Structure formats: C-alpha cells, structure tokens
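# Fold and geometry: a report
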Amino acid sequence: MKVNDSIRGRAQHIRLVVFDVDGVLTDGRIYLTPEGPEMKVFHARDGMGIRLLREHGIEVAVISGRQSEVVNRRMNALNVAHVIQGQDEKTDALRKLTEQLAIPLSHCAFIGDDVIDIPPMQAVGLACAVADAHPAVRRHAHWITTATGGHGAAREVCDMILMAQERLPPALMPDPC
C-alpha cells in the first residue's frame, strides 16, 4: 500500500469516514429479480474494515443516491448508525452529518466512484476513489485504491487510515517493499 506523506498527513486527522454504496461497497451492479427484490453483493473484508474503524473510535457513515432496504440491512449488521440514502445532493447530507457529529469536514474522508461523488469529495480533508471509478472522479481524489469497488477497495481505505493513525494491528501491516 503506497501512501505518501501528504496522504498520511490527511489520513492522520480523519474522525469520520463516509462511503458511497453502489460502486464502492458493491461492484456497482444492481440485480433485480422478476418478483421485484433488489440484490447487491458486499465484500466481507470491507465489512471488517468498517468494524475496525468503529473499534478505533472513527465514525462511519454511508451516503447513497439510491434508496435500498438491502443497504439498511447490511449497515445494520455492521452497526453503522449513519445511513443516509436517496440523496442526490450528497454534500448537503454530509454537511448536516458533520454538524450533528461536531466533526469538521477537514477531518472527514469520502470514498466515491461516480460523478455524483465529486462535490462531497471536494468538501472533505481526504478524498478517495476506487480503482475503477469514473476518470473524472479519480482526478478529484487524493488517493486511489488498487482494488475495485465491491472487491476490497473500502478495506484498503480503512487500513490506510488506521495505518496513518498508527492504529492498524501489527498483523495487518503491509509487507515492506
């Protein structure tokens, strides 16, 4: 995991990590059955990364442009209290959340993959994009994962932040190159 001093400096101050859902916590595909229920696939390692953030006192939230009961179920299973869905204006939702939590935007990270995520990425102290994000999103990111959305990208961000804050358990430290 390559993290330069600039990214490390940004990550050291993070107290809130906000994830987009479709394309970040999932691979972006939405499965619709003939009966109507929606299906999404979440990666277990991403869930463990979220759990590690929370265990180390870092708040976690999701802000999604879509509304999905599947997201509610997954975030409930991970004990994520801040689940904001159906938001076309993600920056407004982000600002309200940071005010509620009394966390400055400069101490927030946002992880996105598509153009709707650019405004909140521009508002935070650490903007991350998944490897397969839209090119415009990657241009606005301070840091880009090596994994694609839904395939461990969220875990990379969690580990990077915890490593920068010297909270990553030694067993999880990357091998020196």
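Residues numbered from 1 in each chain as written. Predicted model: local features only at pLDDT ≥ 70, side-chain atom pairs only at ≥ 80, totals over all residues. Heavy atoms only, no water.

## Considerations on the overall build of the protein
The condition that has to hold: Each helix corresponds to a stretch of at least 4 residues labelled H or I by DSSP, and each strand to a stretch of at least 2 residues labelled E; elements are numbered beginning at the N terminus. Values of the radius of gyration come from C-alpha atoms, whereas the globule rule sets the reference at 2.2 Å times the count of residues to the power 0.38. For the exposure calls, accessible area comes from a 1.4 Å probe over protein chains only, and a residue counts as buried if that area is under 20% of its type's maximum, exposed if over 50%, partly exposed in between. Only heavy atoms matter for contacts: two residues are in contact if any of them lie within 4.5 Å across the pair. Exposure was quantified through the Shrake-Rupley algorithm and a 1.4 Å probe, taking into account, for residues, occlusion by the shown protein chains and nothing else.
Looking only at helices and strands, the protein features 7 helices and 8 strands. Taken over the C-alpha trace, the protein has a radius of gyration of 15 Å; the compact-globule value for 177 residues is 16 Å, and the two agree within 12%. Dimensions of the protein, computed from C-alpha atoms along their principal axes, come out at roughly 50 × 35 × 30 Å. Counting the 177 residues in the protein, one finds 50% classified as buried. A fraction of 54% describes how many contacts in the protein between residues 6 or more apart in sequence connect residues 24 or more apart. Split by element, the accessible area of the protein, about 8700 Å² in all, is 49% carbon and sulfur.

## A look at helix 2 (residues 44-55)
Keep this limit in mind: Take the number of residues in a helix, subtract one, and multiply by 1.5 Å to get its expected span.
Given a rise of 1.5 Å per residue, 12 residues ought to cover 16 Å, and the 16 Å separating the end C-alpha atoms of helix 2 matches this to within 8%. Every buried residue belonging to helix 2 is among Asp46, Gly47, Gly49, Ile50, Leu52 and Leu53, and all of these are buried. On its buried face, helix 2 is in contact with strand 1 (16-19), strand 4 (59-63), helix 3 (69-77) and helix 7 (153-164). Once helix 2 finishes, Gly57 follows within two positions and takes phi at roughly 80°, a positive value.

## Examining the packing of helix 2 against helix 7
Note the following rule: Orientation is described by lines fitted to C-alpha atoms, with helices fitted over the stretch in contact, and by angles between N-to-C directions that extend from 0 to 180 degrees. Here is the rule for angles: anything less than 35 degrees is roughly parallel, anything more than 145 is roughly antiparallel, 65 through 115 is roughly perpendicular, and the remaining ranges are oblique. Less than a right angle of anticlockwise turn of the near helix away from the far helix marks a crossing as left-handed, whereas a clockwise turn marks it as right-handed. Only Asp, Glu, Lys and Arg are considered charged, only Ala, Val, Leu, Ile, Met, Phe, Trp, Tyr, Cys and Pro nonpolar, and every remaining residue, Gly among them, polar.
As a packed pair, helix 2 and helix 7 sit with axes 7 Å apart at the nearest point and diverge in direction by 30°. In terms of orientation, helix 2 lies roughly parallel with respect to helix 7. For the pair helix 2 and helix 7, the sense of crossing is left-handed. The segment helix 2 lies against helix 7, with Arg45, Asp46, Met48, Gly49, Ile50, Leu52 and Leu53 engaging Ala153, Ala154, Arg155, Cys158, Asp159, Ile161 and Leu162. By residue class, the composition of the contact of helix 2 with helix 7 is 9 nonpolar, 1 polar and 4 charged.

## Here we look at the sheet that holds strand 6 (residues 108-112)
How we decide: Think of it this way: DSSP has to see at least two bridges between two strands before they count as a pair.
A sheet is described by the order of its strands in space; here 6 strands give the open sequence 5-4-1-6-7-8, paired in parallel fashion. Sheet topology places strand 5 (82-84) and strand 8 (143-144) at the edges, where each strand pairs with a single neighbour. Bridge analysis of strand 1 against strand 6 gives 4 bridges, and the strand direction is parallel. Directly across from Leu16, in strand 6, lies its bridge partner Cys108. Here helix 7 sits on the sheet in contact with strand 1, strand 6, strand 7 (126-129) and strand 8, set at roughly 150° to strand 7.

So yeah, pure geometry; function would need other evidence.
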